[in-house]
Amino acid sequence: YFTVDRGSQSVTSESSYQYLAYEDEGRVQTVQIDNPPINLLTSSLKGELLDAVQRFEADSDARCLLLRGQEGGTFSGGRNLNESRSWIESDETEADIEDAWHRGRELIQEMMTSSKVIVAVVEGAAVGGGAELLLHCDAVFASADAKVGFPEIKRGLFPGTGGIELLPELVGTRKALEILLVGDVYPISEWEEMGVVNQVCEPSKTYETAREFAEIVSQRPALAVEAIKHAIEAYKKKPKEQAMRRELSLFKEGFTSPEAEEGVRAFFEDREPEFGDRR
């Protein structure tokens, strides 16, 4: 477990969203999906999620975003099949499907390319599109009674919001095929064994534990956090030589940054660094 002294913080909970609650607590912010009873991911909800992630990214004070469902309830039950049924019955089915696919991809692209850290807090079930959401977070903290799965194949479908791309990368191609072809929902302990979940928590302490992790990350120097994320992404997406050049560029930038200057000076002065908002 992570421990950190949060100190005194002024907490605001301003939100213009219909399906989300956005809490701005300075460096650590929280987005709670609120579309009862099981947080189905409608097109409108995904549009709000995209706006919330962009709002987080644009906030110069923000460092870490916690994404959760209802407290002690479902993270997300996935796609709203009523919308899917309307596509099937529409005369412009292909256009509707393509538009929905692009909206979903825009959301996960925003999450994956964020320069900051996004943490999923999974209490209850995360299935289908809900499971895809957590895959695209940087870290996952889950309740011991949570379950995750991709049941789309049982409806003649398959994950269309990044699951096909990312699941094989996380668990291997053979295991990903098994998960997607069988369509079962698995206990969270199995996802932890596969390396998808960072930590399984006592149900009553899941959010608290994720929050403690987020507080620690939020105190790390922002430029170094961003560099680590970008370097890892380069090795995932680019040929090795290009990724190495990207890493070298980031490495040089890091060593010439005010953050590195403060961090090294603090080491030799035997004190804790005071990074503040150095960039």
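Our subject is the structure that appears above.
Now for a look at the structure at hand. (Residues numbered from 1 in each chain as written. Predicted model: local features only at pLDDT ≥ 70, side-chain atom pairs only at ≥ 80, totals over all residues. Heavy atoms only, no water.)

1. A closer look at the overall build of the chain
And then number 1: When helices and strands are counted, the chain shows 11 helices and 11 strands.
And then number 2: Relative to a compact globule of 279 residues, whose C-alpha radius of gyration would be 19 Å, the chain shows 20 Å and is just as compact.
And then number 3: Across its three principal axes, the chain shows a C-alpha extent of roughly 70 × 45 × 35 Å.
And then number 4: Taken across its 279 residues, the chain has 45% of its residues classed as buried.
And then number 5: Nonlocal contacts in the chain, meaning residues at least 24 apart in sequence, comprise 69% of its contacts between residues at least 6 apart.
And then number 6: For the chain, the accessible area works out to roughly 14700 Å², and carbon and sulfur atoms hold 51% of it. (Helix = DSSP H or I, 4+ residues; strand = E, 2+ residues; numbered from the N terminus. Rg over C-alpha atoms; globule rule 2.2 N^0.38 Å. Buried < 20%, exposed > 50% of the residue type's maximum accessible area, 1.4 Å probe, protein only. Contact = heavy atoms within 4.5 Å. Areas by Shrake-Rupley, 256 points an atom, 1.4 Å probe, with all protein chains shown as cover.)

2. Some remarks on the nonpolar core
And then number 1: Formed by 45 residues in total, the largest nonpolar core has its most connected members in Leu 67, Val 122, Leu 133, Leu 134, Leu 167 and Trp 191.
And then number 2: A total of six residues in this core trace back to one element, the largest contributor, which is helix 1 (residues 43-58).
And then number 3: In this structure Leu 67 touches Val 31, Ile 33, Leu 49, Phe 75, Met 111, Val 119, Ala 120, Val 121, Leu 133 and Cys 137, once residues within four positions along its chain are discounted.
And then number 4: In terms of nonpolar packing, the next biggest core, distinct from the first, is built from 15 residues, Cys 64, Leu 66, Val 121 and Cys 201 among them. (Core = buried A, V, L, I, M, F, W, Y, C linked by side-chain atoms within 4.5 Å.)

3. Details of the packing of aromatic side chains
And then number 1: As enumerated under the stated definition, the model contains five aromatic pairs in all.
And then number 2: Centre to centre, the rings of Phe 141 and Phe 213 are 5.1 Å apart; their planes meet at 40°, and the pair counts as tilted. In this pair, Phe 141 is assigned in strand 8 (residues 139-143) and Phe 213 in helix 8 (residues 206-218), connecting sequence segments 72 residues apart.
And then number 3: The exposure class assigned to Phe 141 is buried, which follows from its relative accessible area of 2%.
And then number 4: Arranged with centres 6.2 Å apart and planes meeting at 75°, the rings of Tyr 186 and Trp 191 form a pair that is edge-to-face. Trp 191 matches Tyr 186 in its accessibility class, with the two residues each being buried. (Phe/Tyr/Trp six-rings, centres within 6.5 Å; stacked < 30°, edge-to-face > 60°.)

4. Brief notes about the pattern of salt bridges
And then number 1: Overall, the coordinates contain 14 salt bridges when judged by the stated rule.
And then number 2: For Asp 138, the salt bridge identified is with Lys 229, shortest N-O distance 2.9 Å. In this pair, Asp 138 sits in the loop between helix 4 (129-135) and strand 8 while Lys 229 sits in helix 9 (residues 222-237), placing the two residues 91 residues apart along the sequence.
And then number 3: The residue Lys 154 makes a salt bridge to Asp 184 at a minimum N-O spacing of 3.3 Å. Of this pair, Lys 154 sits in the loop between strand 9 (147-149) and helix 5 (163-171) while Asp 184 sits in the loop between helix 6 (173-182) and strand 10 (185-187), and the two are 30 residues apart along the sequence.
And then number 4: On the accessibility criterion, Asp 184 (31% relative accessible area) is partly exposed.
And then number 5: Look at the salt bridges and you will find they share partners, linking Glu 25, Arg 211 and Glu 215 into a network. (Salt bridge = Lys/Arg side-chain N within 4 Å of Asp/Glu carboxyl O.)

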